[in-house]
Amino acid sequence: MKPTNRYLRSLFCGFLFCAILVSCTKKNPVQYRIGVSQCSNDEWRQKMNLEMQHEALLHPEISLEIRSVTDDTERQISDIQAFIEQKVDLIVVAPNEAAPITSTIERAYSAGIPVVLVDRKILSDKYSASIGADNEQIGSEAGNYIAKLLNGEGNVVEIRGLDGSTPAAERHSGFVSSISNYPNINFLQSVDGAWLKNVSEQKLKEVLTQYPNVDAVFAHNDRMATGAYNAAMKIGKSDKIFFIGIDALPGKGGGIEQVLDNKLKATFIYPTNGEKIILLALKILQGKPYQKNNTLYTSVVDESNAGVIKLQTDAIIEQENKISFLDSQVDGYMTQFTTQRYLFFSAIFVIVLFIIAFVLIFKAYSAKKRLNTELEKRNTEINEQKNTLEQQRDQLIELSKQLEEATHAKLVFFTNISHEFRTPLTLISGPVNSLLSDKSINIEQRRLLELVQKNIKILLKLIDQIIDFRKYENGKMLLNLSRCDLRAQLVEWNDSFAELARTRALHFSFNIFSDTDFIMLVDIQKMERIYFNLLSNALKFTPKKGVILINLDKITVGDKTFAVIEVANSGKGISDKDIKHIFERFYQVDSQAVGSGIGLALSKAMIELHGGDISVNNEEAGWTKFTVRIPFENEKEVSNDATSEIRQANQGDISDMLHENTAQKAIFEEKSLDKNSCTVLVIDDNPDICTYIKTTLSGNQYTTIEAADGEEGFRKAVKHVPDIIISDVMMPKIDGVELCQKLKNELSTSHIPVILLTAASLDEQRIVGFQSGADDYISKPFNPDVLEVRVANLIESRKRLKELFSENLFSGNTDKESKAANDLNNSFLEKFRNLVEQNLSNSELNVEDLGQQIGLSRTQLYRKLKSLTGYSPNELLRIIRLKKAYHLLSITELSISEVTYDIGFTAPSYFAKCFKDYYNESPTDFLKRVR
């Protein structure tokens, strides 16, 4: 790079750095805009608005706009329409009147804007959520309270809220329903006070003129109750009438003060809970679960508790005023801080520019001299590198010779030992075939013998491949040429592969792009082997629901005509590193793959023997395509063998592979689990091993689940939480060691014992297995009796630990033995116990809440606790509560009812039943005994 370009780059970096610093002064963008439409601006609404604003301060991602009207329905409709046009993220509405506003809210909801109804309802269910008190319940409780004041007889007047508003209608309904239960109470009249003090005063004045003997007045809010009191006071009857209101607002002129001043006999708390409105809105906007209808509960304030409540509310108001003051102070400080920070970064920007200019001038001055020095040094280094490369070239030539000799020696060894293997395999195969012909053997014995016969064939095929490759290396592989129709042969071979593809949920397609015949001179058996190897690789590396495409075409190059076979499959492709070595002998793309690594090398050798060639390319979207070109005519001598037998290509390999896949599919099929037996998860990519282990454990009351690789095994372990896992080490995708580490680090599976099976028996490999968290390590071939005993011992050991964990959970202690078992399990149980104890008085505490706080689903939490302690989550929750009750009843003077509610039970009778079931004596008998 030239010095000038380097300096320009440095200057650009300086500008970029300064721009980043200046950008730090920008505030984070608001994520959610919430519009609030209030039906009035009275003290109750003002209190709710203030609570919402305070809660919004804790969530900087929220922008809150509040609009209030004074019982003006048309104006409220206009405000909601404005929010819709602004495309706010959520609308909070307290409808003034239900019927007129319903259509406007439905329009917002249909436009995709969530709507939260506060305090009041509409005449439709097209809204996202509602929150507010149960107005009908408040009206009912007010009626019961007045009936109690009047000892069940007297004259009552009701002053309703604005006609058309749902709170007024619901409070009236609840009040009338309650009062009707008292036949000696006369419900004189119900008038519309429109929520206003002056209107209520005028209405009651008219009622008292008509009915002078009124004993109690129920007003739908404290303002109307105060107006009614003023009307009665003016005619000297205020001390003869009980005035009941709703709202119980704090502060001057509020309902609590009116009770203390003996103007109101009582007022019912109408909760505002502005902070809950904001939290509900956040849940909706963030896509979290929420409850559509949220009810807030009330309580009565009268002369017995008004003083205490006033002290509390005064303290809350003082704190709210302080928060508002601090908020304004913080805004001022932030404005000042932003200005100062902008000036600071501007100064840094100017200073950085001066520094960069100075550095550029200095570097330009010294660049020429330094460049000359570097060029001289570079020339010297190049000469030294030249000498080094020459030495390395000589070393590589020598290493290449040594590698060639070593490879040759390895092939000779493999060839010789392969010939030696044939004799013992023949001696094994003969007796096995004889036993299979015996009809007296049972089904299980026949299945095991067929398993032996199948693996003998696999060994013989591997031996044949090694011998064939050795023949090619020595130049002794010959072609048995005959004329055949290649297109017909591919169609015949594809029938078996298509069936295999269907069993693996793959899309298999064969396309022919030439209308001419494909009669050509080839060795049909070797062509079958080439095609088998290519399709086997495609099936092996194509994921489930993937695609395999086979194309057959004819091309002419010079004076030669070639048949072109393309085998393409979807998947993850082959890396650039692996694709260069794909046809080298003993090379495997997947280090965990099972195979000899000479299939593609042998195929390439057979293709070249025909005078053709093979290539591989990575296509777009992870596709891999192998292309084979075979000439139609061959200069070698045509075989005189009977072509009828040759053309009937041996389908044994394909049939075996199809049979193996069918067996594997049957093995790995999900089964329903027997809850009364121990569950064993077997993970091995060889279905025969899975079958053998399943057979070994079949008579010991075990239920087995199988998985074909480590990735599938981990998913099934998390889903089923088995009692023990037996896993192979060498597997595709995730090997056994990595799988074991994942299982031990996963909360839901960390307690499960793991046995690793491997063909490697070196101590170093065993150490790696135990370091990953494995509980046992068994080498292949293994003794089935040893496997049975180790499985039984590990499960029995876990049962003892289960008793220990259960005892420690209830006592709160952790001894050395249980702590050594698994720190993750101990911390999990400790966390569960702490969560239960912290929420002991919460009667609504359930398994879903506990699982959510711990980080497990309901099913996973159940299986985890059942595996560790032998108890379900609900049983543990009940036992911990009962033990706490036992403790409280023993050392305190609390009554049984007090203890019942302190520990989260909702009914003393149910608590007494559970206590007696667990301790074999009732709480009453227990108290008599200990006290």
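In this convention, every chain numbers its residues from 1, walking through the sequence in written order. With pLDDT at 70 or above as the cut-off, local features in this predicted model cover only qualifying residues; side-chain atom pairs require 80 or more to be listed or tallied, and sums for whole chains, interfaces and linings still use all residues. Only hydrogens and water are set aside; all other atoms, that is, all heavy atoms of the structure, feed into the side-chain values.

**Some words on the overall build of the protein chain**
- A run of DSSP states H or I qualifies as a helix once it reaches four residues; a run of E qualifies as a strand once it reaches two. Both are numbered from the N-terminal end. When helices and strands are tallied, the protein chain shows 31 helices and 24 strands.
- Put simply, the protein chain has 931 residues, and 44% of those count as buried.
- The contact rule is simple, with two residues in contact once any of their heavy atoms fall within 4.5 Å. A separation threshold of at least 6 residues defines the contact pool for the protein chain, and within that pool the share at least 24 residues apart is 70%.
- Here, Shrake-Rupley sampling with a 1.4 Å probe gives the accessible areas, and only protein chains in the shown set may cover a residue. When the accessible area of the protein chain is evaluated, it comes to approximately 49400 Å², of which 53% is carbon and sulfur surface. Throughout, exposure labels follow a simple rule: accessible area from a 1.4 Å probe, protein chains only, divided by the maximum for the residue type, with under 20% read as buried, over 50% as exposed, and the rest as partly exposed.

**Brief notes about the packing of aromatic side chains**
- Under the pairing criterion, centres of Phe, Tyr and Trp rings, with the six-membered ring standing for Trp, must be within 6.5 Å; the plane angle then separates stacked pairs below 30 degrees from edge-to-face pairs above 60, leaving the rest tilted. Per the stated rule, a full pass over the model turns up 13 aromatic pairs.
- Both rings, one in F518 and one in F632, keep their centres 6.0 Å apart while their planes meet at 35°; by these two values the pair is tilted. With a gap of 114 residues between them, F518 in the loop between β14 (507-512) and β15 (519-522) and F632 in the loop between β19 (624-631) and α17 (643-647) connect regions that are remote in the sequence. Both residues of the pair, F518 and F632, count as buried.

**Quick look at a nonpolar patch on the surface**
- Exposure above 30% relative accessible area and the absence of a salt bridge qualify a residue for a patch, where like charges join within 9 Å and nonpolar side chains (Val, Leu, Ile, Met, Phe, Trp, Tyr) within 5 Å. Salt bridges are defined as contacts in which a side-chain nitrogen from Lys or Arg sits within 4 Å of a carboxyl oxygen from Asp or Glu. A cluster of nonpolar residues, I351, I355, F358, V359 and F362, forms a patch on the protein surface that exposes about 520 Å² of accessible area.
- For F358, the position within the fold is in helix α11 (residues 306-436).
- Given the relative accessible area of 60%, F358 is considered exposed.

**Some thoughts on the sheet that holds strand β6 (residues 154-160)**
- Whether two strands pair comes down to DSSP finding at least two bridges between them. Spatially, six strands are ordered β7-β6-β8-β9-β10-β12 in an open sheet, and the strand pairing comes out mixed. Pairing within the sheet leaves two strands with one partner each, and these edge strands are β7 (185-192) and β12 (300-302). Ignoring strand direction, the axes of neighbouring strands in this sheet form an average angle of 20°.
- Sheet strands in contact with helix α6 (residues 166-179) are β6, β7, β8 (216-219) and β9 (242-247), and its direction is about 170° off that of β7. Whenever a helix is involved, its axis is fitted only over the stretch in contact; in every case the axis is a line through C-alpha atoms, and angles between N-to-C directions fall within 0 to 180 degrees.

**Concerning the sheet that holds strand β18 (residues 613-618)**
- Taken together, five strands build an open sheet; the order of strands is β14-β16-β17-β19-β18 and the sheet is mixed. Of all strands in the sheet, those bounded by a partner on one side alone are β14 and β18. Across the sheet, the mean angle from the axis of one strand to that of its neighbour is 15°, orientation sign disregarded.
- Here helix α13 (residues 486-503) sits on the sheet in contact with β14, β16 (547-557) and β17 (560-569), set at roughly 170° to β14.
- The sheet strands contacting helix α14 (residues 524-541) are β14, β16, β17, β18 and β19, and the helix crosses β17 at an angle near 25°.

**A short note on the packing of α14 against helix α16 (residues 599-609)**
- One can describe the packing of α14 onto α16 by two numbers: an axis separation of 9 Å at closest approach and a directional angle of 145°. For the pair α14 and α16, the crossing hand works out as left-handed. Seen from α14, the contacting residues are K526, R529, I530, N533, L534 and N537; seen from α16, they are G599, L600, S603, M606 and I607.
- Residues were grouped as follows: Ala, Val, Leu, Ile, Met, Phe, Trp, Tyr, Cys and Pro as nonpolar; Asp, Glu, Lys and Arg as charged; and all remaining residues, including Gly, as polar. Classifying every residue of the contact of α14 with α16 gives five nonpolar, four polar and two charged. If you view the pair so one helix is near and one far, a crossing is left-handed when the near helix is turned anticlockwise from the far one by less than a right angle, and right-handed when it is turned clockwise.

**A short note on the nonpolar core**
- In terms of nonpolar packing, the biggest core is built from 47 residues, with L486, F508, M527, L534, L535, I548 and I565 touching the most fellow members.
- Of all the elements in the fold, those that place two or more residues in this core are α13, β15, α14, β16, β17, α16, β18 and β19.
- The element contributing the most residues to this core is α14, with nine residues.
- In this text, buried Ala, Val, Leu, Ile, Met, Phe, Trp, Tyr and Cys residues form a nonpolar core when linked through side-chain atoms within 4.5 Å. Residues L150, I244, L280 and L282 belong to the second largest nonpolar core, which totals 41 residues.

**Some points on the pattern of salt bridges**
- The tally for this structure, following the rule as stated, stands at 22 salt bridges.
- For E303, the salt bridge is made with K265, and the minimal N-O distance between the two is 3.5 Å. Taken as a pair, E303 in the loop between β12 and α11 and K265 in the loop between α9 (255-260) and β10 (266-269) lie far apart in primary sequence, 38 residues in all.
- Of the residues examined, E303 reaches a relative accessible area of 57% and is grouped as exposed.
- According to the relative accessible area criterion, K265 is partly exposed, its value standing at 23%.
- The partner of E633 in a salt bridge is R483, and the shortest N-O contact between them spans 3.0 Å. On the criterion of sequence distance, the pair formed by E633 in the loop between β19 and α17 and R483 in strand β13 (residues 482-485) is long-range, its members being 150 residues apart.

**As for the environment of G855**
- Mapped onto the fold, G855 is located in the loop between α26 (847-854) and α27 (858-869).
- Look at G855 and you get exposed, because its relative accessible area is 57%.
- Along the sequence, G855 and L747 sit 108 residues apart, while their C-alpha atoms lie 8.8 Å from each other.

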